[in-house]
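# Coordinates in review
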Amino acid sequence: MQVEYLIIGQGICGTCLSYFLQKENRFFLVIDDNQNNSSSRVAAGIINPVTGRRIVKTWMIDELLPFVETAYNELENLLGVNVISSKTIIDFFPTSQMRDAFLQREQYEPFLQLAGNEKEFEKNFNYELGFGIISPSLIVHLEKLLPSWRSHLIRSEKLIEETFDLSQLKFSDGRVRYKEIISEKIIFCDGINSLETPFFSKLPFAPNKGEALLIETEGISADHIYKKGIAMVPMQTGNIFWTGTNYLWDYDDALPTSGFRERTVHQLSQWLKVPFKVLDHRASVRPANIERRPFVGMHPVNNKVGILNGMGSKGCSLAPFFAKQLSDHLIHGTTIFPEADIMRFKKLLS
Ligand SMILES: Cc1cc2nc3c(=O)[nH]c(=O)nc-3n(C[C@H](O)[C@H](O)[C@H](O)COP(=O)(O)OP(=O)(O)OC[C@H]3O[C@@H](n4cnc5c(N)ncnc54)[C@H](O)[C@@H]3O)c2cc1C
């Protein structure tokens, strides 16, 4: 089988890249082994326009928001499933310092609003220090998007369900060869597995583990995302909320920990006035990096090999934008933003 692009991985990066290549009528194949604890399959899917304790605007958010909304809406229309929802974030202040930071930033930041009625959520939540509102924010329904895009690829005979075996990868006559597949380029969208490939293992990845509980509760509106140290994110089914998360840089495996579960259940029992039931506990490792900027582009030594990775905790907003940049670069030779282009690591990768 002969293609132009062989993509390894169908998390949010591989999904977006294959989508933009399809839009340009390119010939590609995706190989993915559907790991159920991949980062994209464990993530909440939030796109939050502000970030950190100082509540500053997320990098590039003014450009990213309109771009990703259009891209996800297109995917929604193509696949006939609900891929994206707009929500407000109810940011219950966990400390008076956070309240002060919010009040200070609110004057300068169009994404922040003061609460109209501070008592509005008293029926279901305990909160002593009030709340602010972050809007607009988005939820990408990864639990719908990823399997629907996968089925679409399978129907079009563009997905091979298997674990990519690096020992079978060869380069000859200016082509990439993998088993019976001949391709012009190979692009790694394989999340933390890129740390294992000889091509990209030297990139400054800083993987970190994150966990979440899925809880069921009654009477809490699914119109909002709720935050108070941890976040409660409405899922599309019933009264189920994704609840998390933590950031562990020092870990032995990617499995859920009893410490996180106990801490989160304790936090929830202090925060919620309504009963809840834990349905599931998930964990994964984020393909984060030291600079907090994506890894996008072609290898400086072997230009048959590319990467779309390093999305850290912001895959849902960064992946569509940089997948389009990579697709344009591959097809039209356009430049990739220097802050994201892996050419910035030319020395390291050479
Ligand atoms: C707890 C948690 C919460 C998060 N919340 C958010 C959030 O709210 N918003 C947000 O934007 N981001 C969030 N993230 C981060 C987000 O998940 C990542 O940025 C993003 O999913 C990375 O996507 P990816 O496609 O690069 O990698 P992955 O999602 O890891 O996808 C890699 C894919 O490659 C496949 N693969 C790997 N190796 C092979 C191989 N050898 N052969 C075949 N297939 C292979 C895997 O099966 C997988 O499908 C969260 C992460 C965690 C852990």
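## Some points on the overall build of the chain
Counting secondary structure elements, the chain contains eight helices and 19 strands. A compact globule built from 350 residues would reach a C-alpha radius of gyration of about 20 Å, and the chain, at 21 Å, matches this within 12%. In terms of its C-alpha atoms, the chain occupies a principal-axis envelope of roughly 70 × 40 × 40 Å. Residues classed as buried in the chain amount to 53% of the 350 residues present. Considering only residue pairs separated by 6 or more positions, the chain has 73% of its internal contacts joining residues 24 or more positions apart. Total accessible area on the chain stands at roughly 16,000 Å², and carbon and sulfur atoms take up 50% of it. The chain carries 38 positive and 40 negative side-chain charges, and their two centres are separated by 2 Å.

## Notes on the nonpolar core
One finds L17, I47, Y72, L145, L308, F322 and L326 to be the most contacted residues of the largest nonpolar core, which totals 67 residues. Composition of this core by domain shows at least three residues from each of domain 1 (2-42 + 144-205 + 291-349) and domain 2 (86-139 + 206-286). Ignoring any residue separated from it by four or fewer positions in sequence, one finds L17 in contact with I7, I187, C189, L308, A323, L326 and S327.

## Things to note about the site of the ligand
Lining the immediate surroundings of the ligand are 39 residues, of which D32, S40, R41, F164 and G312 lie closest. One of the side-chain N or O atoms of D33 is found 2.7 Å from an oxygen atom in the ligand. Backbone polar atom of G312 to an oxygen atom of the ligand: 2.7 Å apart, as the coordinates give it. Of all the secondary structure elements, the ones that give two or more residues to the shell around the ligand are α1 (12-23), β2 (28-32), α2 (39-42), β13 (208-217), β17 (276-286) and α7 (315-332). In terms of residue count, α2 provides more of the shell around the ligand than any other element does, four residues in total. Residue composition of the shell around the ligand, by class: 13 nonpolar, 18 polar and eight charged. The residues that make up the shell around the ligand include at least three from each of domain 1 (2-42 + 144-205 + 291-349) and domain 2 (86-139 + 206-286).

## Describing the domain arrangement of the chain
On domain assignment, one finds that the chain holds domain 1 (2-42 + 144-205 + 291-349) and domain 2 (86-139 + 206-286). On a C-alpha basis, the centres of domain 1 and domain 2 stand 32 Å from each other. With 12 residues of domain 1 at the contact, the number on the domain 2 side is 11 residues. Roughly 910 Å² is buried in total at the junction of domain 1 and domain 2, and carbon and sulfur atoms are behind 56% of that figure. Inspection of the region where domain 1 meets domain 2 yields zero salt bridges. The tally of links between domain 1 and domain 2 comes to four residue pairs in polar contact (both at pLDDT 80 or more). Looking at which element gives the most residues to the side of domain 1 that touches domain 2, the answer is α2, with three residues.

## Considering the pattern of salt bridges
A full pass over the atoms with the stated rule returns 18 salt bridges. The residue K23 makes a salt bridge to E74 at a minimum N-O spacing of 3.0 Å. Here E74 lies in helix α3 (residues 61-79) and K23 lies in helix α1, a separation of 51 residues in the sequence. Residue classification places K23 among the partly exposed positions, given a relative accessible area of 48%. When the shortest N-O distance is used, the salt bridge between K228 and E128 registers 3.9 Å. Placement of the pair is K228 in strand β14 (residues 224-228) and E128 in the loop between β7 (112-114) and β8 (131-140), with a sequence separation of 100 residues. When salt bridges that share partners are traced, they join D32, R41, R150 and E161 into one network.

## Describing the packing of aromatic side chains
Under the counting rule described, the total for this entry stands at 29 aromatic pairs. Each ring, one from F205 and one from F295, has its centre 5.0 Å from the other, and the planes form 85 degrees; the classification is edge-to-face. Taken together, the residues span a long stretch of sequence, with F205 in the loop between β12 (181-188) and β13 and F295 in strand β18 (residues 295-298) at a distance of 90 residues. Ring pairs connect the aromatic residues Y19, F20, W59, F67, W149, F321, F322 and F337, which therefore count as one cluster. Its end group placed over the ring of Y247, R286 keeps NZ or CZ at 3.9 Å from the ring centre.

The rules we used
Residues numbered from 1 in each chain as written. Predicted model: local features only at pLDDT ≥ 70, side-chain atom pairs only at ≥ 80, totals over all residues. Heavy atoms only, no water. Helix = DSSP H or I, 4+ residues; strand = E, 2+ residues; numbered from the N terminus. Rg over C-alpha atoms; globule rule 2.2 N^0.38 Å. Buried < 20%, exposed > 50% of the residue type's maximum accessible area, 1.4 Å probe, protein only. Contact = heavy atoms within 4.5 Å. Areas by Shrake-Rupley, 256 points an atom, 1.4 Å probe, with all protein chains shown as cover. Lys, Arg positive; Asp, Glu negative; His and termini not counted. Charge placed at Lys NZ, Arg CZ, Asp CG, Glu CD. Core = buried A, V, L, I, M, F, W, Y, C linked by side-chain atoms within 4.5 Å. Domains from an automatic or database assignment. Near = heavy atom within 4 Å. Polar contact = N/O pair within 3.5 Å; in protein donor to acceptor, adjacent residues only side chain to side chain. Nonpolar A, V, L, I, M, F, W, Y, C, P; charged D, E, K, R; others polar. Buried area = accessible area lost by both parts, 1.4 Å probe. Salt bridge = Lys/Arg side-chain N within 4 Å of Asp/Glu carboxyl O. Phe/Tyr/Trp six-rings, centres within 6.5 Å; stacked < 30°, edge-to-face > 60°. Lys NZ or Arg CZ within 6 Å of the ring centre and 35° of its normal.

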